[in-house]
Amino acid sequence: MKYQLAKKKAQAEITFELTAEEWNDAVEKAYNKTKGKYNIPGFRRGKVPRKIIERNYGPAVFFDDAFNEFFPDAYSKVLDENEDIYPVDRPDVKWDDISDKGVKFVATVTLKPEVALGEYKGIKLKKIVHNVTGKDVDAEINNARQRAGRKVNVADRAAQMDDFVIIDYCGAVNGVKFEGGTAEKQELHLGSKQFIPGFEEGVVGMKVGDSKLIEVKFPADYHSKDLADKLAGFTVTLHEIKVLELPNLDDEFAKDVSQFDTLKDYKDDVKKKLTETAKRKSDSENESALIEKIVKNVKVEIPDCMIETHTNYMLEEFGMRLMYQGMKLDDYFKYTGSSEAEFRKAKKEQATNEVKMRLTLEAIVKAEKIKATDKDVDAKIAELAKSVNKTTEEFKEGTPPDRIEYFKNEIVMNKVFGLLKDNAVWE
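Quantities reported herein were computed from a predicted structural model and do not represent experimental measurements. (Residues numbered from 1 in each chain as written. Predicted model: local features only at pLDDT ≥ 70, side-chain atom pairs only at ≥ 80, totals over all residues. Heavy atoms only, no water.)

Undergrad: How do you make sense of the pattern of salt bridges when you look at a structure like this?
TA: Two side chains of opposite charge can pair, provided their charged atoms sit close to one another. Here the structure, examined in full by the defined rule, presents 27 salt bridges. Of the charged contacts in the structure, one is a salt bridge between Asp-376 and Lys-415, with a shortest N-O distance of 2.6 Å. Placement of Asp-376 in helix H11 (residues 374-387) and of Lys-415 in helix H13 (residues 401-422) is noted, with a sequence separation of 39 residues between them. Ionic pairing is found between Lys-396 and Asp-378, a salt bridge with its closest N-O pair at 3.6 Å. With Lys-396 in helix H12 (residues 392-397) and Asp-378 in helix H11, this pair connects stretches of sequence that are 18 residues apart. Under the relative-accessibility criterion, Lys-396 is labelled partly exposed at 31%. Beyond isolated ion pairs, a larger network of salt bridges with shared partners links Glu-28, Arg-50 and Glu-54. (Salt bridge = Lys/Arg side-chain N within 4 Å of Asp/Glu carboxyl O. Helix = DSSP H or I, 4+ residues; strand = E, 2+ residues; numbered from the N terminus. Buried < 20%, exposed > 50% of the residue type's maximum accessible area, 1.4 Å probe, protein only.)

Laid out in structure tokens, this is it:
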């Protein structure tokens, strides 16, 4: 097999030429692999001679299978011998010539675009700092009190905002019940805004045993288009009213909700953890702002196929998240009145920005000649092995090669982010 490579700005054309003998070998292999599916009278299945099959089904009957027989290896050979060719999409193949002398075809591939880096060192940015205040600590501790509180029944008064109520309800629009509009013994925290605006306010003032018709209007942007902007009536029966009793803020509370014996030690630990979280948030936002500014300085023409591929990834990832929540992607689109096409349209800008960011970081890695050394990888493996109480050798033996490559990429990205942050000018 011979090939010629012509590289253009955004594409490469690879012209493959096979001799008649090479092509016949590929066709023969295709014939031997597929002959069992042909049924011709007078011959046992799998025993029909190649020429008989070609006479009955046409001389090109094995061409597609023959192409699939040799093309993957031939294409990989070209890529191995030309490391500067980096395809970002499947090749588009067109036959150029088929004759007694052999075959010729052209594979056109879209290449990873060239990135013209702008300024990426000395970037000036206002540093983002998230500080932890006493109010933040108090709010976190109050959340812990809420979680540790117990609900106590109230029977001598009407329901108020912030109460927890147990209710039955049945909703209808123009006298017709709708899906999801009926429930029994449903707990509702009044003031949580879980229900349609006006519903929770309608429950306020009801007493245990009361029934009432509450009329509300669905929001115009309600997720179900059949109900959006419609008036609905809910027949509500109130069974219980409960209030949340909070524990006293003392040492006993600290012992119940933490590993500490005193309230002071517990508060100090809460502040420490909030400070660590605030620092991570600050670092993440500073990093994002820095990369965003660097990416704006870059010039690159991104092929549509790269954006489409990344959008496919985003769609698959979203579908997986829904699956873990017990919902299928198709059901989500149906429930929200949207579609896959609308999802793709809404995510196109994000996908474009993320692809551009990845290309930018790869270009900086290349420009700065950043690599993950064996020493770096060994240190990473030793760190991970220690975290799971294994020796380095035990951890390495149980780690597949693709996982090692993941570690290398992670090390490289950490290095490039470190370089960019170290060389930024923080004001």
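Having seen the model, we can carry on.
Undergrad: I tried to follow H11 on my own but got confused; where do I start?
TA: An α-helical turn contains 3.6 residues, so any two residues separated by three or four positions project in the same direction. Helix length check: H11 (14 residues) gives 20 Å between terminal C-alpha atoms against 20 Å at 1.5 Å per residue, within 8%. Every buried residue of H11 is accounted for by Val-377, Lys-380, Ile-381 and Ala-385. The buried residues of H11 occupy an angular sector of 135° when projected down its axis, which confines them to one face. Opposite the packed face of H11, turned more than 90 degrees from it, sit the exposed residues Lys-375, Glu-383, Lys-386 and Ser-387. If you follow the buried residues of H11, they end up packed against H12 and H13. (Expected span 1.5 Å × (residues − 1). Arc of directions from axis to C-beta. Contact = heavy atoms within 4.5 Å.)

Undergrad: What should I look at first to understand the pairing of strand E4 (residues 102-110) in this one?
TA: In regular strands, side chains alternate between the two faces of the sheet. Of all 9 residues making up E4, 8 are buried, and the element is well covered by its neighbours. Sheet analysis places strand E2 (residues 11-19) next to E4, joined by 9 bridges and oriented antiparallel. Bridge pairing in E4 places Ile-14 opposite Ala-107. Both strand E3 (residues 92-99) and E4 contribute to a ladder of 7 bridges, which runs antiparallel. Note that in E4 the partner of Val-93 across the bridge is Ala-107. (Pairing = 2+ DSSP bridges.)

Undergrad: Help me understand the environment of Leu-263, please; the structure alone is not making it clear to me.
TA: Assignment of secondary structure puts Leu-263 in helix H7 (residues 263-296). Judged by relative accessible area, Leu-263 falls into the buried class, the value being 14%. Sequence-wise, Leu-263 and Asp-100 are 163 residues apart; in three dimensions their C-alpha atoms are separated by 90 Å. Beyond its immediate chain neighbours, meaning those up to four positions away, Leu-263 contacts Leu-249, Asp-250, Asp-251, Phe-253 and Ala-254.

Undergrad: Honestly, the sheet that holds E4 in this entry has me stumped. Any pointers?
TA: Think of a sheet as strands paired side by side through backbone hydrogen bonds, with each pair either parallel or antiparallel. Ordered in space as E1-E2-E4-E3, the 4 strands form an open sheet in which the pairing is antiparallel. Each end of this open sheet is capped by a strand with a single partner; those strands are strand E1 (2-7) and E3. On average, each strand axis in the sheet is tilted by 15° relative to the strand beside it, whichever way the strands run. Relative to E2, E1 runs antiparallel, the two being bridged by 6 bridges. Bridging from a neighbouring strand, Lys-2 pairs with Glu-17 of E2. Where helix H1 (residues 20-34) meets the sheet, it contacts E2, E3 and E4, and its direction lies at approximately 90° from that of E2. (Axes fitted to C-alpha atoms, helices over the stretch in contact; angles between N-to-C directions.)

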